[in-house]
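# Observations on the three-dimensional arrangement
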Amino acid sequence: MRTLLTVLALLALLGAPPAGAQTPGVTDAEILLGGSNSFSGPLAFTGEQITKFGVDLYFRVVNDAGGIHGRKLRTVYYDDGYKPQEAVANTRKLVEQDKVFALIAPQGSPPVVATLGYVEEQRVPMLFPYQSSPVTRGKKWVFQGMTVSDRSSRMMVDYLAGQRKIKRFAAIYQDDEYGKSFLAAFEKDLGRHRLKLLAAESVKRGVSDVSAQIAKLQAAKPEVLFLVLVPGPAAQALKERQKIGWKDVLMVSTGPLTDERYLALAGDAAEGVEGLSLWPDPVTSDLPGVKRYREHMTKYFPKNEPNRYSVAGYFAGMLFTEAAQRAGRALTRAALVAALESTKGFESGILPPLTIGPDHETQKQGFWVRVEKGRFKQLTDWLRSE
Amino acid sequence: MRWAAAGAGGVVLLCWPLLVPPYFVFLTSLIVVNAIVAIGLNLLSGYTNQLSFGHAGFFAVGAYVAAVLTLRAPALPVVATLALAGLATALVGLALGIPCLRLEGLYLAMATLAFGFVVVEAILNLDWLTRGNDGLAVPAARLGPLALGSDAAKYYLVLGVGALMVAAAVNIARTRTGRALLAIRESEIAAQASGVHLAAYKTLAFAVSAFYTGVAGGLFAFVVGFISPDAFDVFLSVDFVAMIIVGGLGSIPGSIVGAAVITLLYDWLAAFQNYRPLLFGLILIGCMLFMPGGIASRMAKWTHQAQ
Amino acid sequence: MAAHVTSAAVIHVVVSGLATGSIYALMAISLVIIYNATRTLNFAQGEMLMISTFVGWSAHEALRLPLPLVLLIAVAAAAALGWLVERLVIRHAIAATHLDVLIITLGLSLVLRAAAGLVWTHDEFPFPSFFRERPIGLGPLRVAPVSLGIIGGSLALMLALAALFRWTRLGRAMRAVAQNQRAARLMGVSVERVYSASWVLAAVVGAIAGVLIAPVIFLSSKMGLVAINGFTAAVLGGFGSMPGAVVGGMLLGVLENLAPLWLPAGIKHSVPFLLMIAILVIRPSGVLGRVRQRKV
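Residue numbers here run from 1 along each chain, matching the order of that chain's written sequence. Here chains are named by letter from A upward and ligands by number from 1 upward, in the order in which they appear as written. Owing to the predicted nature of the model, reporting of local features is limited to residues with pLDDT of at least 70; listing and counting of side-chain atom pairs is limited to 80 or more, with chain, interface and lining totals taken over all residues. By convention in this description, side-chain values take in all heavy atoms of the structure and omit both hydrogens and water.

## Focus on the overall build of chain A
- When helices and strands are counted, chain A shows 12 helices and 12 strands.
- Relative to the compact-globule value of 21 Å for 386 residues, chain A shows a C-alpha radius of gyration of 22 Å, a close match.
- Across its three principal axes, chain A shows a C-alpha extent of roughly 65 × 60 × 40 Å.
- Working definition: with a 1.4 Å probe on protein chains only, accessible area under 20% of the residue-type maximum means buried, over 50% means exposed, and in between means partly exposed. Residue burial in chain A is summarised as follows: out of 386 residues, 65% are buried.
- Every residue pair with non-hydrogen atoms within 4.5 Å of one another is taken to be in contact. Counting contacts in chain A only where the partners sit at least 6 residues apart, residues at least 24 apart contribute 69% of the total.
- Accessible surface, chain A as shown: approximately 13,400 Å² in total, 52% of it carbon and sulfur. In DSSP terms, a helix is any run of H or I states spanning at least four residues, a strand is any run of E spanning at least two, and both are numbered starting from the N terminus. In this treatment the radius of gyration is a C-alpha quantity, and the globule benchmark scales as 2.2 Å times the residue count to the 0.38 power. Computed by Shrake-Rupley with a 1.4 Å probe, the accessible areas treat only the displayed protein chains as cover when residues are assessed.

Structural data, given as structure tokens:
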């Protein structure tokens, strides 16, 4: 009996949520957005950069200029530590308890894919998830945030096999949706060039040590090794390669991985590494949007260094703002979706002019880079993936 | 007076989905699920003093068995699915309990820790069945023609099963078995000397504890709707231990209160991201230093003082 | 896709395994030091090591100190942390059962890890190494200096500890308390001093291990999880035995690294736990331990 009363009292302490507004997350004064992201675990750094120094950075700029149609933007994030189950619980909380208007920039293929069913069922827009699985394609309420793995793979394989005439490929990949979607895409695209993967070794999510996998891959003698990993294990792979003196292989990183972040961990083991970059160099590019991004970063977060993750978040914030502005003062979820779908030739100053079609993809390109003296140097122009 | 209070409480419990928003109903279901685990863990640790740091493993087994059964054999009624989940987990518990008979205290804690890891790794590696790291979406439980898809439906399922399990536990505690288990906790040698068959009861405790946790795991799969191996890690086992420590070792009401406190704390602290484990740890330390008997012993002291 | 792994690669993997094994051995030793003195298991050992290494790293980042000084700072931080924890937390719980103290150290590990995340974030950082990364060629073999350095450094530390236990007063006092606490007290040994000394010593060993291994596994708030392998190593070798800890650690490191070469790579993560279960079931006293009889 005492037990029951205690439990009920505890529950009551949680307090009742505020009465629902017409459109959840939209009041006269503010728009509430949220997302489940990584603030601990293997993607803690990228998660924080995408949200607090990316999306929030852009929203600070917008709020200082008066907001969107007079409404200020607020965000709330929960930590899922790159775990799909936590992401499901967090997303539920965001939608049902915090009543966010839309989900913005959640990260990681496994967590995002786990929440897809719920998001579609609840008709909540999920905007620009930072993940590469093609499973999000064709969903009514989801707008892809990153070049999808099959497009990335096509660009990478066509460039390496087609232009540079490389024949021997292998891959080291994370053993989940992120890694497996790339693996499947690689196999398919190599098949078009009448080639196949000589060896593929998997790495469990959350594990850092890859010495056994690298040893086995060396035995297959590939010319190119695709790295479909997150920064920690990828840096380990580079260091391991250096430790065993494996010189005659080219390490190539996939889009989500290609950032100076994992190079910093690998130190000089990263020289000569190449990859597909999805964003212009945030530190050196003089594209107008990137320059503005740097100015804003210096103004609001002077101690934070620019990187591709915060650029991605910044861009997500920018896209949302642009669409919400066009949707007008009577902002509903359906209106936002319609506004996004009618985006034509949007000039961000960061990426090429963007037109969003019925496939809901916001990014379809990348370009080739190689590491020289600790930074990625651009080698090609924007590659096309159609 | 007591019966009136009990009746009122029962009415509130039954009408809960009508009184609070669905998210709260979901939380309450979670509390009951965790309470079942806590009761099961208490049977093992509180009564026979075999502390387990691997109960997340049992939880995972129950969850996955229930999920896979619902996917592969959808015609099975939910009660059967849960029973099978519990039984499968009990068998695993037996498999763990027998070799652990020789171990005690420290060594036992480490063996259960290792077990927890191994079980989850096994689930991960059986990815043709469990979809490995990507996780499994669990369809709604079926009770005859009804699909228990809404939060309220799941709540009633959990409440019903939970009530049964609590009643069973209370009964066990009252019977000879319960007394034997308590005797083992006080002193194994003395218990043995007074005729308690040590090995049988210790193994029984493992199996029953596993059964409870397995059923709770199955319920968990239905309530949350999605399971993946990395959620059943050692930190979950620690959470379960925290529940019985905070609530009070060896106490059934304590288990329920402990489960409620930890579950609610978890949800309430979500907005604080990085502070959550910090507060958890501080609570654990504080409990051990200042309230070694848990909330249950505190409450017992208060009622004694009131009398 | 089963390509043949060369014998040079196997040797490299074994040497790598001995290196991580040495770290496991150091971890096991520090756990055993605390256990022998206070009969408690310190679940926060890894986190204490992690914090000490972070403190050293912060000094390095802020003041550009040379590496030997960084090591000294990490050791000092560890000593302070070990002493504080023993004095403020453990000492007060000494009336409680050993299981209770276990829970306290568990809570402590959560607190320390969260605190590290708040101060330094949960990100991963490169840590400067005493040894070069590029492999040196010994004929057809390639060995990484960092592995050799870790093995050498660990062995030197183990020898120093052995000397401490054998030839110093403190060492003898610690051994006395480990054997029989009551008798030691009757002989005039200050048991409280031994408790403090044990925690400080264990923390210091941990800090050295941390500075040695951080360049390889990267410095991060989850670095402390390496201590779990220390537990396994200690159990493997026979809990309570120092030489056992060393043997257990080396064995674990090598087995852990060799297994994935011939079994699926995913097995590496499970190897320590499978071994632990196997040992606990087959021979709980471990490889080198003696079977203990329980007194009524």
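Structure's up, so let's keep going.
## Observations regarding the packing of aromatic side chains
- Only rings of Phe, Tyr and Trp enter the pairing, Trp through its six-membered ring, and a pair is recorded when the two centres are within 6.5 Å. The plane angle decides the type: under 30 degrees is stacked, over 60 is edge-to-face, the rest tilted. Applying the stated criterion across every chain yields a total of 30 aromatic pairs over all chains.
- Note on Tyr130(A) and Tyr309(A): the rings are 6.0 Å apart at their centroids and 65° apart in plane angle, and the pair reads as edge-to-face. Highlighted residues: Tyr130(A) in the loop between strand S4 (126-127) and strand S5 (142-143) and Tyr309(A) in helix H11 (residues 308-327), separated in sequence by 179 residues.
- On the accessibility criterion, Tyr309(A) (2% relative accessible area) is buried.
- For the ring pair Phe54(C) and Trp57(C), a centre distance of 6.0 Å and an interplane angle of 85° mean the geometry is edge-to-face.

## Focus: the packing of helix H10 (residues 242-262) of chain C against helix H11 (residues 271-282) of chain C
All names here are of chain C.
- It is the contact of H10 with H11, at a shortest axis distance of 9 Å, that shows an interaxial angle of 125°. The angle between H10 and H11 falls in the class oblique. In this structure, H10 meets H11 at a crossing whose hand is right-handed. Where H10 approaches H11, its residues Leu 252, Leu 255, Glu 256 and Ala 259 are matched on the opposing element by Val 271, Pro 272 and Leu 275.
- Within the contact of H10 with H11, the residues separate by chemical class into six nonpolar, no polar and one charged. Working convention: axes come from line fits to C-alpha atoms, limited for helices to the stretch in contact. Angles between N-to-C directions cover 0 to 180 degrees. These descriptions rest on fixed angle ranges, namely under 35 degrees for roughly parallel, over 145 for roughly antiparallel, 65 to 115 for roughly perpendicular, and the rest for oblique. Note: crossing handedness is left-handed where the near helix turns anticlockwise from the far helix by less than a right angle, and right-handed where it turns clockwise. Gly falls in the polar group here, along with every residue not listed as nonpolar (Ala, Val, Leu, Ile, Met, Phe, Trp, Tyr, Cys, Pro) or charged (Asp, Glu, Lys, Arg).

## Some details on the pairing of strand S7 (residues 197-203) of chain A
Residue and element names in this part refer to chain A.
- Most of S7 is tucked away: five of the seven residues are buried.
- Two elements, strand S6 (residues 169-174) and S7, share six bridges in a ladder whose sense is parallel. Looking across to S7, one finds that Tyr 173 is bridged to Ser 202.
- Viewed with both strands pointing away, a crossover whose connecting path from the first strand over the helix to the second turns clockwise is right-handed. In this fold, S6 hands off to helix H6 (residues 177-192), which returns the chain to S7; that crossover is right-handed. When DSSP locates at least two bridges between a pair of strands, those strands are taken to pair.

## Points about the interface of chain A and chain C
- Counting residues at the interface gives 35 residues for chain A and 31 residues for chain C.
- Two parts placed together each lose some accessible area under a 1.4 Å probe, and the buried area is that loss summed for both. Overall, the association of chain A and chain C removes approximately 2,600 Å² of surface from exposure, summing both partners, and the carbon and sulfur fraction of that is 57%.
- Per-residue buried area on chain A facing chain C is highest for Lys216(A), Lys243(A) and Leu265(A); these three make up 24% of the total on that side.
- Salt bridges are identified by distance alone: a Lys or Arg side-chain nitrogen within 4 Å of an Asp or Glu carboxyl oxygen. Residues Asp123(C) and Arg261(A) are paired through a salt bridge, measuring 2.5 Å at the closest nitrogen-oxygen approach.
- Polar contact criterion, stated in full: a pair of N or O atoms within 3.5 Å, where within protein one must be able to donate a hydrogen and the other to accept it, and residues adjacent in sequence count only if both atoms are side-chain atoms. Our enumeration of links across chain A and chain C arrives at six residue pairs in polar contact (both at pLDDT 80 or more).
- Put simply, the parts of the chain that give the side of chain A that touches chain C at least two residues each are helix H2 (44-64), S7, helix H7 (211-219), helix H8 (231-243) and helix H9 (260-266) of chain A.
- Considering each element in turn, the side of chain A that touches chain C owes the most residues, seven residues, to H8(A).
- A per-class count over the side of chain A that touches chain C returns 16 nonpolar, 10 polar and nine charged.

## Thoughts on the environment of Arg194(A)
- With respect to the helices, strands and loops of the structure, Arg194(A) is situated in the loop between H6 and S7.
- Along the sequence, Arg194(A) and Gly108(A) sit 86 residues apart, while their C-alpha atoms lie 31 Å from each other.

## Details of the domain arrangement of chain A
All names here are of chain A.
- For chain A, the assigned domains are domain 1 (21-147 + 285-355) and domain 2 (149-277 + 367-384).
- Spacing between the C-alpha centres of domain 1 and domain 2 amounts to 28 Å.
- If you look at the interface, domain 1 gives 22 residues, while domain 2 gives 24 residues.
- Where domain 1 abuts domain 2, roughly 1,800 Å² becomes buried across the two surfaces, and 57% of that area is made up of carbon and sulfur atoms.
- Considering only the surface of domain 1 that becomes buried against domain 2, Tyr 82, Thr 147 and Arg 308 emerge as the three largest contributors, covering 31% of it. Domain delimitation follows an automatic or database domain assignment.

## Regarding the sheet that holds S7(A)
Residues and elements named next belong to chain A.
- Spatially, seven strands are ordered S7-S6-S8-S9-S10-S11-S12 in an open sheet, and the strand pairing comes out mixed. Each having just a single partner strand, S7 and strand S12 (375-378) make up the two edges of the open sheet. Averaged over all neighbouring strand pairs, the angle between strand axes comes to 25°, with direction disregarded.
- In this structure, strand S11 (residues 367-372) lies alongside S12, joined through four bridges in antiparallel fashion. The residue bridging Val 369 from the neighbouring strand is Gln 378, located in S12.

## So, the confidence of the model for chain A
- pLDDT runs from 0 to 100 and stands for how confident the predictor is about each residue. Confidence in the prediction for chain A averages 89 pLDDT; 95% of positions are at 70 or higher.
- This stretch, residues 15-21 of chain A, has a pLDDT under 50; its non-local contacts, to residues over four places away or in other chains, come to five contacts.

## A word on H11(C)
- Multiply 1.5 Å by the residue count of a helix minus one, and that product is the helix's expected span. The end-to-end C-alpha separation of H11(C) is 16 Å, in line with the 16 Å expected for 12 residues at 1.5 Å each.
- Along H11(C), the positions that sit buried rather than exposed are Val271(C), Pro272(C), Phe273(C), Met276(C), Ile279(C) and Leu280(C).
- Turning to H11(C), the residues buried within the fold contact helix H5 (105-125) of chain B together with helix H9 (226-237) and H10 of chain C.

## Remarks on the packing of helix H3 (residues 55-72) of chain B against helix H11 (residues 234-247) of chain B
Residues and elements named next belong to chain B.
- The contact between H3 and H11 brings their axes to 7 Å, and the two run at 105°. With respect to each other, H3 and H11 are oriented roughly perpendicular. For the pair H3 and H11, contact is made by His 55, Ala 56 and Phe 59 and by Leu 236, Ser 237 and Phe 240, respectively.
- In terms of residue class, the contact of H3 with H11 is built from four nonpolar, two polar and no charged.

## A closer look at a positive patch on the surface
All names here are of chain C.
- Taken together, the side chains of Arg 166, Arg 169, Arg 172, Arg 175 and Arg 193 define a basic patch exposed on the protein surface.
- For the positive patch, the element with the highest residue contribution is helix H6 (residues 169-179), accounting for three residues.
- Mapped onto the secondary structure, Arg 175 falls in helix H6.
- For Arg 175, a relative accessible area of 41% gives the class partly exposed. Each patch groups residues whose relative accessible area exceeds 30% and which form no salt bridge, using 9 Å between like charges and 5 Å between nonpolar side chains of Val, Leu, Ile, Met, Phe, Trp and Tyr. Charged residues are defined here as Lys and Arg on the positive side and Asp and Glu on the negative side; His and the ends of the chain fall outside this count. Note on charges: their place is set at NZ of Lys, CZ of Arg, CG of Asp or CD of Glu.

## Considerations on a nonpolar patch on the surface
- Taken together, the side chains of Trp268(B), Phe272(B), Tyr275(B), Leu279(B), Leu282(B), Leu118(C) and Val119(C) present a nonpolar region at the surface, about 690 Å² in accessible area.
- Listed by contribution, the elements that provide at least two residues to the nonpolar patch are helix H13 (275-290) of chain B together with helix H4 (98-120) of chain C.
- Of the residues forming the nonpolar patch, the biggest block, three residues, is contributed by H13(B).
- Here Val119(C) lies in helix H4.

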